[in-house]
Amino acid sequence: QVQLVESGGGLVQAGGFLRLSCAVSGRTFSTIAMGWFRQAPGKEREFVAAISRSGGNTYYADSVKGRCTISRDNAKNTVYLQLNSLKPEDTAVYYCAAGNTGITGLLLLTAREYPYWGQGTQVTVSS
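Now for a look at the structure at hand. (Residues numbered from 1 in each chain as written. Predicted model: local features only at pLDDT ≥ 70, side-chain atom pairs only at ≥ 80, totals over all residues. Heavy atoms only, no water.)

**A word on the pairing of strand β3 (residues 18–25)**
As a general feature of sheets, a regular strand has side chains that alternate between the two faces.
Argument step 1. Bridge analysis of strand β1 (residues 3–7) against β3 gives five bridges, and the strand direction is antiparallel. Bridging across to β3, Q3 finds its partner in S25.
Argument step 2. Looking at chain direction, β3 and strand β8 (residues 78–83) are connected through six bridges and run antiparallel. Within β8, the residue paired with L20 across the bridge is L81. (Pairing = 2+ DSSP bridges. Helix = DSSP H or I, 4+ residues; strand = E, 2+ residues; numbered from the N terminus.)

What follows is the structure, encoded as C-alpha cells:
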C-alpha cells in the first residue's frame, strides 16, 4: 500500500513563499509519477503540477506557471512543491498524489490517473 504524507503548509503573507513536501512509502519511489493538486473552499480539486518518474519532465497549471517548481529526490522518496510569489487565490488544501506508469518520462495530468493520495496540507495566503 502506497502512503503519502504532506507537510510544509501554513499561513503566509501575499508575496511570500512556501515549500511543500510529500514523503512516500510502500512502493519503489522511482517507479511512480507524482503530482500536486489543490482544492479551495467551495471549488473542485484542480491540477497544480506533475513530475515524471525520473524527474526529467515537469508540467504546471497556467495559474502557477512561473511561480512554482515541482521536484523530487528519489533517494529520499520525497516530492517537493516550491511556491513563490504567493497570492490569496493560492489559498487551498494542497494534496500530493502518486500514480503508476511504466514509462519513465510520462506525466500524469488528471486526478483520475492517480490512485494514491495524501491527506492534504493547508496553505493560507493573507492579503
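Next, the rest of the story.
**Topic: the pattern of salt bridges**
Argument step 1. The full count for this structure, using the stated rule, is four salt bridges.
Argument step 2. For R38, the salt bridge goes to E46, with nearest N and O atoms at 2.5 Å.
Argument step 3. Relative accessible area serves as the criterion here: at 5%, R38 is assigned to the buried category.
Argument step 4. Among the residues examined, E46 registers a relative accessible area of 33% and is labelled partly exposed.
Argument step 5. For D90, the salt bridge is made with R38, and the minimal N-O distance between the two is 2.9 Å. Here R38 lies in strand β4 (residues 32–39) and D90 lies in the loop between β8 and β9 (92–100), a separation of 52 residues in the sequence. The same class applies to D90 as to R38, namely buried.
Argument step 6. Through salt bridges with shared partners, a single network forms among R38, E46, R67 and D90. (Salt bridge = Lys/Arg side-chain N within 4 Å of Asp/Glu carboxyl O. Buried < 20%, exposed > 50% of the residue type's maximum accessible area, 1.4 Å probe, protein only.)

**Some points on the packing of aromatic side chains**
Argument step 1. According to the stated counting rule, one finds five aromatic pairs in the structure shown.
Argument step 2. Measuring from centroid to centroid gives 5.7 Å for F37 and F47, while their planes differ by 75°, and the two rings are edge-to-face. Residue F37 is located in strand β4, and its partner F47 is located in strand β5 (residues 46–51); the two are separated by ten residues in the primary sequence.
Argument step 3. Judged by relative accessible area, F37 falls into the buried class, the value being 2%.
Argument step 4. For F47, a relative accessible area of 15% puts it in the buried group.
Argument step 5. Through pairs of rings, three or more aromatic residues link up here, namely F37, F47, Y59, Y114 and W117.
Argument step 6. The residue whose ring lies beneath R45 is Y95, and the NZ or CZ to ring-centre distance is 3.9 Å.
Argument step 7. Against the face of F29 rests R72, its NZ or CZ located 4.2 Å from the ring centre. (Phe/Tyr/Trp six-rings, centres within 6.5 Å; stacked < 30°, edge-to-face > 60°. Lys NZ or Arg CZ within 6 Å of the ring centre and 35° of its normal.)

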